[in-house]
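Observations on chain architecture
Here are the chains, one letter per residue:
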2 protein chains.
Amino acid sequence: MMIASLPDGQLSADNFQLASGPVAEPGDGEVLVRTLAITIGAGQRAGLQGSASYAGAPTAGRVMNGTGVGRVVASNDAGFAEGDVVRGMTNWQDYASAPASQWEKVDAGGDPALHLGVLGTNGLTAYFGLTDVGNPQPGETVVVSAAAGSVGHIVGQVAKVKGARVVGIAGSDDKCRTLVDDLGFDVAINRKDDDFRDQFKAATPDRIDVYFDNTGGDILGSALFRMNTHGRIVCCGVVSQYDTSTPGPGPRGIPGLLVNNRVRMEGFLIFDYADRFVAGRAEMQSWIDSGQLVPRVSEFAGLESAGQAFVELLGGGTVGTTIVRVAE
Amino acid sequence: MMIASLPDGQLSADNFQLASGPVAEPGDGEVLVRTLAITIGAGQRAGLQGSASYAGAPTAGRVMNGTGVGRVVASNDAGFAEGDVVRGMTNWQDYASAPASQWEKVDAGGDPALHLGVLGTNGLTAYFGLTDVGNPQPGETVVVSAAAGSVGHIVGQVAKVKGARVVGIAGSDDKCRTLVDDLGFDVAINRKDDDFRDQFKAATPDRIDVYFDNTGGDILGSALFRMNTHGRIVCCGVVSQYDTSTPGPGPRGIPGLLVNNRVRMEGFLIFDYADRFVAGRAEMQSWIDSGQLVPRVSEFAGLESAGQAFVELLGGGTVGTTIVRVAE
């Protein structure tokens, strides 16, 4: 799938178009991979603003970039053999060839999509952001925005494992029901409800100890006014600002409320935690095995559905990790 | 000095008026103190907004509140004797009687004003905010706003002791000269200059590792765009917002810039550090003794000058700690 045009305002499926070409031969030291599945994240929308200037930045006429898992079909590197399952920048294509250093071998058993969700970047982001930056204690109140998203739905479940009371904020009643009924959140609130602020207040009678912010904007603004003394705000993403070209002003009350309530607000990026990925994945796998952590995916079939999947993701129509199945 | 009226907009000296009355007899367990000096801080302006509802909140007809040092003239508590020098809420008055628990004995030698500045709340705020929340490392760049203020001028000097490169932001060329020529700052910038942003950029070629924020508002907004990866913003005060009744929106780029640069932004209040005050004062005293730390005061003579001192402080006319000498 190529980028047909950069979006001018809201993304549409027409911003992408299918194209065919010969499968690349792997060059010296390269590994050729058959894509099995790709994942799409809201953060990728920011890459389509047209302002990035690095080599390979998304622009019209290029293959759309993205992370996937695939099976090695030809290898010019001793570290990879045919049949290995790897994760890397497959981009939105059936076959991808890249230097061996850009592929990471993953467990070939089970559903490869797990390596794009709970055991991939999204899961690790939820795990380290919550446990390391937020550090919730038993009995504390954790609030997470975009709670039904790829990161949010794991944040809430990990917070429950840690003994916290968990409030999720999502964009539809359906999502809220999923969070409470299927994923064990204590409360979930629809941010589109007219009385959202009243519901938010009622849902946090002991105020907020950890706010995991995936959205920025108004929800961050509301959370700031509900923080407990020595509360922590984990700044993970700014989904409210991705699908627009001009970010709005920051929330009122910064820095005054941070001072009065001695609140810490901290941004993080997951690759700073690379040396702890193995341990993080192992702990999450143990929670999956014990049934304490239930990863969710929204699946789309075929590379040709990727543009539509991206639009639905940004429009709030997906739950959990958004996965496009490319091949068996 | 009484509060004659709460300020409607900018504070003026007319908001205060002198009044006389009998000196209170100390009650049971109380200690009567002759005020020697009081200090005025920008943060007290916030207390005059008229919205506070606690008992004793500042309002027209009350004595203006404030911290001072004084000499005990009569004591009904075994812990205090005539001649002791104490710090506490003397308020803006010649004599103050209060329960013993509200007075803190200080070293009776030397200038009592030191106990309102570098060895008082201002100095401790600078010390713990910078060293504990900001934690500058040798060679890092520290920026401090309201750098010529009671807290700021100490922050910059402590940062130099810690081996950092120090950039101060102040509100006049005179103040900037004092910071560089007398207090050892590496660079000082006048925030009122038309090319402030260009100067700010030029003064931080290696970007900012620790920004000690006394102001909020536009300067915080500018600093956010200059933060280094893993930079720390110490949120200490919001002087830009004290002398107005409606706080403005927060700085643009929150939370996006915090995420991209993995920046931590943290508010603190000094009383959380109470169990470390003795150690903090001892270390600052050692730097004063070695000449590495030069505390500055702006002095006013007589209780009747307190209103004017407050106005000059808020208007940016003072350097260091603002002190009103009440008696010898």
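Calculation criteria
- Residues numbered from 1 in each chain as written.
- Chains lettered and ligands numbered in written order.
- Predicted model: local features only at pLDDT ≥ 70, side-chain atom pairs only at ≥ 80, totals over all residues.
- Heavy atoms only, no water.
- Helix = DSSP H or I, 4+ residues; strand = E, 2+ residues; numbered from the N terminus.
- Buried < 20%, exposed > 50% of the residue type's maximum accessible area, 1.4 Å probe, protein only.
- Contact = heavy atoms within 4.5 Å.
- Least-squares fit on C-alpha atoms with pLDDT ≥ 70 in both.
- Expected span 1.5 Å × (residues − 1).
- Arc of directions from axis to C-beta.
- Polar contact = N/O pair within 3.5 Å; in protein donor to acceptor, adjacent residues only side chain to side chain.
- Buried area = accessible area lost by both parts, 1.4 Å probe.
- Salt bridge = Lys/Arg side-chain N within 4 Å of Asp/Glu carboxyl O.
- Nonpolar A, V, L, I, M, F, W, Y, C, P; charged D, E, K, R; others polar.

A word on the overall build of chain A. A count of helical and extended segments in chain A gives nine helices and 15 strands. On the principal axes, the C-alpha backbone points of chain A span a range of 60 × 45 × 35 Å. Every one of the 328 residues in chain A was classed for burial, and the buried ones make up 52%. Once local pairs closer than 6 in sequence are excluded, the contacts in chain A between residues at least 24 apart make up 66%.

Moving on, we come to the relation of the copies chain B and chain A. If you rotate chain B by 180° and push it 0.0 Å along the axis, it lands on chain A with an RMSD of 0.1 Å. Considering both components of the superposition, the chain copies are consistent with a two-fold axis. Proximity to the rotation axis, assessed at the C-alpha, singles out Gly250(B) in chain B; its C-alpha lies 2.1 Å from the axis. By residue overlap, the copies meet face to face through one surface: 100% of the interface positions of chain B are interface positions in chain A.

Here the bond from Ile254(A) into Pro255(A) is cis, since omega is 10°, no more than 30 degrees from zero. Following the sequence through the fold, Pro255(A) ends up in the loop between helix H6 (239-242) and helix H7 (256-260).

Let us look at helix H8 (residues 277-289) of chain B. Residues and elements named next belong to chain B. Compared with an ideal rise of 1.5 Å per residue, which puts 13 residues at 18 Å, H8 spans 18 Å between its outermost C-alpha atoms and is within 8% of the ideal. Buried within H8 are the following residues: Phe277, Gly280, Arg281, Met284, Trp287 and Ile288. Relative to the axis of H8, the buried residues are bounded by an arc of 120° and lie together on one face. Residues of H8 that are exposed and point more than 90 degrees away from the buried face comprise Val278, Ala279 and Asp289. Among the residues trailing H8, Gly291 stands out with phi positive, at a value near 80°.

All names here are of chain A. In this fold, His153 is placed in helix H2 (residues 152-161). What makes His153 buried here is its relative accessible area of 0%. A distance of 3.0 Å separates a polar atom in the side chain of His153 from the backbone nitrogen of Arg296. Sequence-distant contacts of His153, that is, excluding residues within four places in its chain, are made with Ala147, Ala148, Leu183, Phe185, Val294, Pro295, Arg296, Gly320 and Thr321.

This part covers the environment of Glu30(B). All names here are of chain B. For Glu30, the position within the fold is in strand S3 (residues 30-40). By relative accessible area, Glu30 is classed as partly exposed at 22%. In the structure, Glu30 is positioned 50 residues away from Phe80 in sequence and 9.6 Å away in space, judged by C-alpha atoms. Once residues within four sequence positions are removed from consideration, Glu30 is found in contact with Glu25, Ser75, Asn76, Asp77, Ser97, Ala98, Pro99 and Ala100. Among the polar contacts listed, one links the side chain of Glu30 to the backbone nitrogen of Gly27, at a separation of 2.9 Å.

Counting from both sides, the interface comprises 30 residues of chain B and, opposite them, 30 residues of chain A. With both chains or domains summed, chain B and chain A bury close to 2,300 Å², and 65% of this area falls on carbon and sulfur atoms. Here chain B and chain A share two salt bridges between them. Between Arg262(A) and Asp272(B) there is a salt bridge, with the nearest N and O atoms lying 2.7 Å from each other. Of all the elements in the fold, those that place two or more residues in the side of chain B that touches chain A are strand S12 (227-235), helix H7 (256-260) and strand S13 (264-267) of chain B. Classifying every residue of the side of chain B that touches chain A gives 16 nonpolar, eight polar and six charged.

All names here are of chain B. Taken as a whole, this structure holds 26 salt bridges over all chains when the rule is applied. As a salt-bridge pair, Glu104 and Arg87 come within 3.2 Å of each other at their nearest N and O atoms. Taken together, the residues span a long stretch of sequence, with Glu104 in strand S7 (residues 104-106) and Arg87 in strand S5 (residues 85-88) at a distance of 17 residues. A residue is classified by how much of its surface remains accessible, and Glu104, at 35% relative accessible area, is partly exposed. Judged by its relative accessible area of 8%, Arg87 falls in the buried class. Measuring nitrogen to oxygen at the nearest pair gives 2.5 Å for the salt bridge that ties Arg325 to Glu299.

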